[in-house]
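Here is how the chains run, residue by residue.
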Amino acid sequence: MKFLEKLKYFFDSNKKEELQKIINNLPQNEIICKEILEEKGNNHTNIKLDNDIKNSYYFYLNDTIYLANDKKSREIYARILLIAHECRHTLQSKHLQKLNFILSNIELVLFIMILILKFINLFNIIILVIYSVFVVLSIIIRFILEYDAVKNSVKISKEYMENRLEKKESDFISDIFSFQINLLFPISIVSLFLGKLIRIILVLLLYLVLK
């Protein structure tokens, strides 16, 4: 399938409906999630439907996948891909996930401390360097986790669909998923780290401009 043809599945409602009809043959999200985890030998992760969130996520501290349960999450054609993404997170190194959690929280605490230190005129270059190191480390670790989950989500979802859909259908859906991920990944990464980027820019401005 050519690039322009694949691109139509972003904007053309008829094309999206074509994908949706195929995905509608798959079970509900909670069942998909359970079956993927079972196929990956994971019998310990909990699954909880949540009507109050817009995006599903995995929380490693209590080993639980929280699945968004609004109408869009139940019906969107990419739901299998999004579920596969969270299932992949459950299989990742707990050491990396713990490190990601620790670094992210330290970065936030340091940011608040810098605001206080700036207010009392104690903000200096050493503190700036320390904060910058934690920002960079937290971004690197989170990027490793997210890149792995994104890369493997297509593979996991394809393996799941191959056992439940016709091969032609599963190959077609996987091809569209792979194309869309490659196209959107840079944007999603920027949005993922937008908060950290805004904070470090603000810190630099506090040091360089507002001396």
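What you see is a predicted model; the values in this text were computed from it and never measured.

### Quick look at a nonpolar patch on the surface
On the surface, Ile125, Ile126, Val129, Ile130, Val133, Val136, Leu137, Ile140, Phe143, Ile144 and Tyr147 cluster together to form a nonpolar patch covering roughly 930 Å² of accessible area. Mapped onto the elements of the fold, Phe143 is located in helix α7 (residues 125–162).

### A closer look at helix α3 (residues 29–39)
Residues of α3 that are buried include every one of Asn29, Ile32, Cys33, Ile36 and Leu37, and no others. One side of α3 carries all its buried residues, which in axial view fall inside an arc of 125 degrees. Close packing links the buried residues of α3 with β1 (46–50), β3 (64–68), α4 (71–75), α5 (79–91) and α7. With its phi angle positive at about 75 degrees, Gly41 sits one or two positions after the end of α3.

### Quick word on the pattern of salt bridges
In this structure the tally under the stated criterion is eleven salt bridges. Here Glu35 and Arg164 are joined by a salt bridge, their closest N and O atoms 3.3 Å apart. Pair noted here: Glu35 is in helix α3 and Arg164 is in the loop between α7 and α8 (167–192), with a separation of 129 residues, a long-range link. Across the pair Arg88 and Asp148 runs a salt bridge whose closest N-O atoms are separated by 2.7 Å. Of this pair, Arg88 sits in helix α5 while Asp148 sits in helix α7, and the two are 60 residues apart along the sequence.

What counts as what
Residues numbered from 1 in each chain as written. Predicted model: local features only at pLDDT ≥ 70, side-chain atom pairs only at ≥ 80, totals over all residues. Heavy atoms only, no water. Patch = residues over 30% accessible without salt bridge, like charges linked within 9 Å, V, L, I, M, F, W, Y side chains within 5 Å. Areas by Shrake-Rupley, 256 points an atom, 1.4 Å probe, with all protein chains shown as cover. Salt bridge = Lys/Arg side-chain N within 4 Å of Asp/Glu carboxyl O. Helix = DSSP H or I, 4+ residues; strand = E, 2+ residues; numbered from the N terminus. Buried < 20%, exposed > 50% of the residue type's maximum accessible area, 1.4 Å probe, protein only. Arc of directions from axis to C-beta. Contact = heavy atoms within 4.5 Å.

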